[in-house]
Amino acid sequence: MMSVSLRPTNLSDFKGKSELKDNLNIYLKSCLAQKKALDHCLLYGLPGTGKTSLAHIIANELHRHIRVVQGSSVQKNIDVINLAMTLNEFDILFIDEIHAINANCVELLYSIMEDFVIDIALGKDFNSKITRIHVPQFTLIGATTLLGKIPQPLEERFGIVFNIKTYELNDLVEIIKTSQTKLGLQLSDKELKLLAENCKGIPRNANRLIKRVKDFRISSDKISVKYILKKLQIIDDGLDVEDLNYLQSIKDAKRSLGLKTISQMINVDSYTVETKIEPFLLQKQYVHKTIGGREITTKGMKFLNKYVNANKQEGV
């Protein structure tokens, strides 16, 4: 049996982000009417918010071929040249995590993006000659989770820039509704809302949860979503055990803690703590950063106390 894809394939299937979709729809219609390549697009935001889906949707809406590469695989000038030489007119080149491209390669991209040409030096020293190679008009779509790591000259060459933020609760409910239909599930409105409340505003998390619900419901269709979330160690508001340990470590210390100290206390590497755990906790104001380090807020303390009291009532 083939696995079911929960990724939207066209703009009408993409839930939420109405303003972004309205603007993008205008750009796509204009592009088709003028029979030209769409301006280069830069999509930035947290992982799982739909950047890759949007890139494929753009290609589908324009009925154009898309070539997908990872920024980390573009490390030499020859990598850029090879990519450019394989493109046909109006193709779409999607570079995921575009900030990971080697800095020397980025400079070669400038003339390709702006003038659709590559200037290559042939020969050595005084005998070298510049040969100009023309590249078909194409659209570069870059996606990144780290906008600040992209050189400004590169960023300025993108005519269309979208910041894809976390999603509203109602939009997440609609995403989960669509996914449950594809998976052959039938959840109540209360269950749909409970899942939406526990995916941290990220569609990828929402689809991950609904897939796990499918797994448990195959075992027994009477298993509750609340029980499934508990088995997945999701506490409340999307926070899991690692988030809880992070908050508990600061509470127990009764003082500000630095990133390295927290990392050692919860046995999770610093990069994961800073990029995976902290952003949501900061966004929800469970913690805040000070000159002295990370501190738990009153809201964070209330969450911990609520969790402790709930466990006592359950006899945990």
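Anything mentioned here points back to the structure above.
Here goes a summary of the coordinates provided. (Residues numbered from 1 in each chain as written. Predicted model: local features only at pLDDT ≥ 70, side-chain atom pairs only at ≥ 80, totals over all residues. Heavy atoms only, no water.)

**Some points on the overall build of the chain**
Now for step 1: Helix and strand counts for the chain come out as 13 helices and 11 strands.
Now for step 2: Across its three principal directions, the C-alpha atoms of the chain cover 80 × 50 × 35 Å.
Now for step 3: Nonlocal contacts in the chain, meaning residues at least 24 apart in sequence, comprise 70% of its contacts between residues at least 6 apart.
Now for step 4: Accessible surface computed for the chain: about 17700 Å², of which carbon and sulfur atoms make up 49%.
Now for step 5: If the 44 positive side-chain charges of the chain are averaged to one point and the 36 negative ones to another, these points end up 5 Å apart. (Helix = DSSP H or I, 4+ residues; strand = E, 2+ residues; numbered from the N terminus. Contact = heavy atoms within 4.5 Å. Areas by Shrake-Rupley, 256 points an atom, 1.4 Å probe, with all protein chains shown as cover. Lys, Arg positive; Asp, Glu negative; His and termini not counted. Charge placed at Lys NZ, Arg CZ, Asp CG, Glu CD.)

**Structural notes on the packing of helix H10 (residues 241–253) against helix H12 (residues 270–283)**
Now for step 1: Packing of H10 against H12 brings their axes to within 10 Å, and their N-to-C directions diverge by 80°. The orientation of H10 with respect to H12, classified from their angle, is roughly perpendicular. On H12, the residues touching Glu242, Asp243, Tyr246 and Leu247 of H10 are Val273, Ile277, Glu278 and Leu281.
Now for step 2: Split by residue class, the contact of H10 with H12 holds five nonpolar, no polar and three charged. (Axes fitted to C-alpha atoms, helices over the stretch in contact; angles between N-to-C directions. Parallel < 35°, antiparallel > 145°, perpendicular 65-115°, else oblique. Nonpolar A, V, L, I, M, F, W, Y, C, P; charged D, E, K, R; others polar.)

**Description of the packing of aromatic side chains**
Now for step 1: Within this structure, the stated rule accounts for three aromatic pairs.
Now for step 2: Arranged with centres 6.4 Å apart and planes meeting at 25°, the rings of Tyr27 and Phe162 form a pair that is stacked. Note that Tyr27 is positioned in helix H1 (residues 18–34) and Phe162 in strand S7 (residues 160–164), a separation of 135 residues in sequence.
Now for step 3: What makes Tyr27 partly exposed here is its relative accessible area of 33%.
Now for step 4: The buried category is assigned to Phe162, whose relative accessible area is 9%.
Now for step 5: Above the plane of the ring of Tyr286 lies Lys299, whose end atom (NZ or CZ) is 5.3 Å from the centre. (Phe/Tyr/Trp six-rings, centres within 6.5 Å; stacked < 30°, edge-to-face > 60°. Buried < 20%, exposed > 50% of the residue type's maximum accessible area, 1.4 Å probe, protein only. Lys NZ or Arg CZ within 6 Å of the ring centre and 35° of its normal.)

**A look at the packing of helix H6 (residues 169–183) against helix H8 (residues 203–219)**
Now for step 1: Between H6 and H8, the least distance of the axes is 10 Å, while the angle of their chain directions is 40°. For the element pair H6 / H8, the angle class is oblique. In this structure, H6 crosses over H8, and the sense of that crossing is right-handed. Facing Leu172, Ile175, Ile176, Ser179, Gln180 and Leu183 of H6, the residues of H8 in contact are Pro203, Ala206, Asn207, Ile210, Lys211 and Lys214.
Now for step 2: Grouping the amino acids of the contact of H6 with H8 by side-chain chemistry returns seven nonpolar, three polar and two charged. (Left-handed = near helix turned anticlockwise from the far one by under 90°.)

**Some details on the nonpolar core**
Now for step 1: Of all hydrophobic cores here, the largest spans 45 residues; its most connected members are Leu38, Leu54, Ile58, Ile141, Leu195 and Ile210.
Now for step 2: Top element by residues in this core is helix H2 (residues 51–62). It accounts for six residues.
Now for step 3: The residues touching Leu54, leaving out its near neighbours within four places in the chain, are Leu11, Phe14, Leu20, Leu24, Leu43 and Ile164.
Now for step 4: Counting residues in each nonpolar core, the second largest holds 28 residues, with Leu83, Val106, Ile112 and Phe158 among its members. (Core = buried A, V, L, I, M, F, W, Y, C linked by side-chain atoms within 4.5 Å.)

**Topic: the state of the cysteines**
Now for step 1: A full pass over the atoms with the stated rule returns zero disulfides.
Now for step 2: With no disulfide partner, Cys31 has as its closest neighbouring cysteine sulfur the one in Cys41, 9.2 Å distant. (Disulfide = S-S within 2.5 Å.)

Purely spatial values, then, with no claim about function.
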